[in-house]
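Summary of structural features
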Amino acid sequence: MTTTLSPRGGSVAALVDRLASVPGREDRLTHLEVLPPRAGDPVPWPDWTSPDVVAAFGARGVRSPWRHQAVAAEAAHAGQHVVVATGTASGKSLAYQLPALTRIRESRGARGQRGATALYLAPTKALAQDQLTSITSLGLDVRATTHDGDSGREQRDWARDHAEYVLTNPDMLHRSLLPGHARWAQFLRSLRFVVVDECHHYRGVFGAHVSHVLRRLRRVCASYGAYPTFVLASATVAEPETAARRLTGLDVLAVTADASPRGRVALALWEPPFTSFTGENGAPVRRAASSETADLLADLVVEGVRTLAFVRSRRGAEQVAMTAAELLAEVDPALPGRVASYRGGYLPEERRALEDALRRGDLTGLAATNALELGIDISGLDAVLMAGFPGTRAALWQQLGRAGRGAGDALGILVARDDPLDTYLVNHPEALLGQPVEATVFDPGNPYVLGPHLCAAAQEAPLTEEDLPLFGPTARDVVDALTAAGLLRRRPRGWFWTDRRRAADLADIRSSGGSPVQLVEAGTGRVIGTVDAAGAHAAAHPGAVYVHRGETWLVDSLDLDEHVAVIGRADPGYSTSAREITDIAIVAEREHQDWGGCRLSFGDVDVSHQVVSFLKRRQPSGEVLAEEPLDLPERTLRTAAVWWTVPDHVLAESGLATADLPGAAHAAEHCSIGLLPLFATCDRWDIGGVSTAVHPDTGMLTVFVHDGHPGGAGFAERGYAAARAWLSATLETIHSCACLDGCPSCIQSPKCGNQNNPLDKAGAAALLTVLLAGAPTT
């Protein structure tokens, strides 16, 4: 087996040792897990496969399918909906390409007229382009094309009238194909396969939107007499069958046994050290993950190791690339050109050029957002750096799977952020390497999501009583509310859309609602970028720093009525993060559990938010320089929350002093928010919390964790279901953190509107111990 990762040679363990033994990096490597190589399990081609298709894959070097590919392909060919949930680079695409390409070629008319068709959905345009390349490179005469925002009018018309294999995304399906389904009638009438790739990406509110887009697709297809087979694909996640069923509304067979070969894979866990800087209230601050990642990226480029550095934000990807280039310039003036950044927001030709340069080897290092996570086939990579846990273990292994040159070693390094979840994971490797506990979470019944899609469905074809079960048990209530509001009108043939607007425009499937805010350059009026309406208060407030393609901009003003923020070029040397205050009121308790005198609840709440200030942090150290006040309006939403209460007599028995309760509850709230993403596929910025020693609605000490989206996104509900494990991990994080009185790695929050005060680390541990003592064991 080939194990060389760089011109210097040696095993992956030797490379990690060189990185970790650099003077000053003592104790940063917390764990190194090396997974042994695995042999593949090939099986014969299914007997129904077209000989030309077999020959085409053979020419590519695929002599026979792996067992999981054949099992999934057989199921799809037989009309069974299937989800292929196997590891990254396990060849999931063959499982759906095999039956789809065979059916397309064998169903053509005598003169080559279009017969069966297939629709491929990807969460990103880059992945769809990569899949198109994969199909066309087979050399088969299959008429394939993309249909997305980068497609010109002629290409879109050709896709509609002639294409047999159309590659698109949920956005285009929602806004273009379904509203204009009459023009796509011939394609939809012949639709036999719908592929939903990287389906674990559809979670939270986005997942709920996509679930209804797929239901609308099924309904429109049925109106043309078509009942396509759905094939979903994903890196291994917990409960793939459940997630796929919730996404499509169909019974789905899960294929999870990965039979593909794999080289040796190493995962290193890396914790940056505390710095000499102090944060809020004198708390110690760890070195920024982005700074640590830039150092490692530069070292690996010097070693000749082809490396991808995944950074969670666009700004972070730009900063890592710039910092690595500066470090490389000190070694060799020719090396900075070997590093670049890649993220959403680039022009199509810019994205393609970067992808090609990385494939060719012109670039040795690339700092990327997850736009390059989702299945892009870039061969020849050796290592992956992750600046912070990417949100789910599925995403971590997805990113790590980008590395692996042939059968050689592959290295992944997870660099922890100064964050409770990251700190917990790099010190508890079993949480990353054990059985999955996280679940893909979204709520299709959210009325704020369901309502716009019922309107869109009614415009596509009148809604009938028979249609409503397709959209879930709450659909009738939502239809009645839409009728009462005058958006739908009931007639003998069903409910009709009555507005002159396009109903599809009511739902922005990638945001929580509202028109996006445009970032406009002062003086020229040029649009530099956009931010979601929900995030505008935090990301586009006056004084906010915005980074685009290596250029730093400063927001001069924000007009919420016109949805415009005016920005100007600047180089302030710091980043910004918004702070907000939150109030909460209980609307209704849906469920509860008794925890030995304490009470765990789940239900509906009203939450009010107001961004009140922002922090300036020196880059790249993360040192807090200043806090500036803001005067922005309050926003309110009704959403879902999980909360727990501790009555006075339990607190008295615990020995907690009354004066310590606000800080104890506040610290427990912060840390629990940080740990929930381990159990529900969310980000800490998707959720929020409120804590109080005496809440007016309960009369007791109460800690809330709520979804940050109207109607809820399913995260709080998952927290309620996994509360014992979730809060136990929260307590362990507080106990195991090396700080004395609390820090960003355990109980401090970067978005706390109360300046992380009061916080009581010891009190939080005591409070959680009391709570968990009464938790049921099952």
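Here, every reference points to the structure presented above.
In this report, the structure presented in the accompanying data block is examined. (Residues numbered from 1 in each chain as written. Predicted model: local features only at pLDDT ≥ 70, side-chain atom pairs only at ≥ 80, totals over all residues. Heavy atoms only, no water.)

A pair of packed helices is captured by two measures, namely the crossing angle of their axes and the spacing between those axes. Packing of helix α9 (residues 204-223) against helix α17 (residues 447-460) leaves a shortest axis separation of 10 Å and a crossing angle of 20°. Between α9 and α17, the angle is such that the two are roughly parallel. Our pair here, α9 against α17, has a crossing hand that is right-handed. For the pair α9 and α17, the contacting residues are V205, A208, H209, H212, V213, R216, R219 and V220 in the first and V449, L450, H453, A456, A457 and E460 in the second. Considered class by class, the residues forming the contact of α9 with α17 number 8 nonpolar, 3 polar and 3 charged. (Axes fitted to C-alpha atoms, helices over the stretch in contact; angles between N-to-C directions. Helix = DSSP H or I, 4+ residues; strand = E, 2+ residues; numbered from the N terminus. Parallel < 35°, antiparallel > 145°, perpendicular 65-115°, else oblique. Left-handed = near helix turned anticlockwise from the far one by under 90°. Contact = heavy atoms within 4.5 Å. Nonpolar A, V, L, I, M, F, W, Y, C, P; charged D, E, K, R; others polar.)

In this section: the side chain of T49. Summarising the element assignment, T49 is placed in the loop between β1 (29-35) and α2 (51-59). Using a relative accessible area of 8% as the deciding quantity, one classes T49 as buried. Looking at T49, its side chain comes within polar contact range of the main-chain oxygen of P46, at 2.9 Å. Apart from the residues lying within four places of it in its own chain, the contact partners of T49 are V54, L98 and T102. (Buried < 20%, exposed > 50% of the residue type's maximum accessible area, 1.4 Å probe, protein only. Polar contact = N/O pair within 3.5 Å; in protein donor to acceptor, adjacent residues only side chain to side chain.)

With parallel pairing, 7 strands are arranged side by side in an open sheet as β4-β5-β3-β6-β7-β2-β8. Edge positions in the sheet fall to β4 (144-146) and β8 (253-255), since each has one partner strand and no second. Averaged over all pairs of adjacent strands, the angle between strand axes in this sheet comes to 15°, irrespective of strand direction. Across 3 bridges, the pairing between strand β2 (residues 82-85) and β8 is parallel. The residue bridging V84 from the neighbouring strand is V255, located in β8. Where helix α3 (residues 67-77) meets the sheet, it contacts β2, β6 (191-196), β7 (229-234) and β8, and its direction lies at approximately 165° from that of β2. (Pairing = 2+ DSSP bridges.)

Moving on to the packing of aromatic side chains. Under the defined criterion, the tally for this structure stands at 6 aromatic pairs. Between the aromatic rings of F602 and Y720, the centroid separation amounts to 6.0 Å while the plane-to-plane angle is 35°, which identifies the pairing as tilted. Taken together, the residues span a long stretch of sequence, with F602 in strand β25 (residues 598-618) and Y720 in helix α22 (residues 715-721) at a distance of 118 residues. Residues F602 and Y720 agree in their burial class; the two are buried. Above the ring of F274, the side-chain terminus of R286 is found at 4.0 Å from the ring centroid. (Phe/Tyr/Trp six-rings, centres within 6.5 Å; stacked < 30°, edge-to-face > 60°. Lys NZ or Arg CZ within 6 Å of the ring centre and 35° of its normal.)

What follows concerns the nonpolar core. L188, V196 and W644 are the most contacted members of the largest nonpolar core, which totals 123 residues. When residues of this core are assigned to their parent elements, the largest contribution, 9 residues, is made by α9. Dropping the residues within four chain positions of it, L188 is found in contact with L177, H181, L217, V220, C221, Y224 and A226. Of all hydrophobic cores here, the second largest spans 36 residues; its members include V84, A95, Y96 and L140. (Core = buried A, V, L, I, M, F, W, Y, C linked by side-chain atoms within 4.5 Å.)

With respect to the helices and strands, the residue E465 is situated in the loop between α17 and α18 (475-484). With relative accessibility at 35%, the residue E465 sits in the partly exposed group. Setting aside residues up to four positions removed in sequence, E465 forms contacts with R476, R490 and W495.

Two numbers describe how α2 lies on helix α4 (residues 92-106): the axes approach to 9 Å, and their chain directions differ by 140°. By the angle between their axes, α2 is oblique relative to α4. The handedness of the crossing between α2 and α4 comes out as right-handed. Contact residues: D52, V53 and F57 in α2; L94, Q97, L98, L101, T102 and R105 in α4. For the contact of α2 with α4, a count of residues per class yields 5 nonpolar, 2 polar and 2 charged.

Let us look at the pairing of strand β13 (residues 339-342). With burial as the criterion, each face of β13 is covered, one bearing V339 and S341 and the other bearing A340 and Y342. Relative to strand β14 (residues 365-368), β13 is paired through 4 bridges, and the arrangement is parallel. Following the sheet pairing, Y342 is matched in β14 by A368.

Right, let's talk about the environment of P696 for a bit. Inspection of the secondary structure assignment puts P696 in the loop between β28 (687-692) and β29 (701-707). Here the alpha-carbon distance between P696 and I584, two residues 112 residues apart in the chain, equals 9.9 Å.

A separate point is the state of the cysteines. Enumeration over the complete set of coordinates arrives at 0 disulfides. Unpaired in terms of disulfides, C743 finds its nearest cysteine sulfur in C737, a separation of 3.6 Å. Of the residues examined, C743 reaches a relative accessible area of 0% and is grouped as buried. (Disulfide = S-S within 2.5 Å.)

Following the criterion strictly, the structure yields 35 salt bridges and no others. The shortest N-O distance in the salt bridge between D299 and R25 comes to 2.7 Å. Here D299 is found in helix α11 (residues 289-303), whereas its partner R25 is found in the loop between α1 (12-20) and β1, with 274 residues between them in sequence. For D299, a relative accessible area of 25% translates into the label partly exposed. Ionic pairing is found between R635 and E580, a salt bridge with its closest N-O pair at 3.3 Å. (Salt bridge = Lys/Arg side-chain N within 4 Å of Asp/Glu carboxyl O.)

Coordinates in, geometry out; function isn't part of it.
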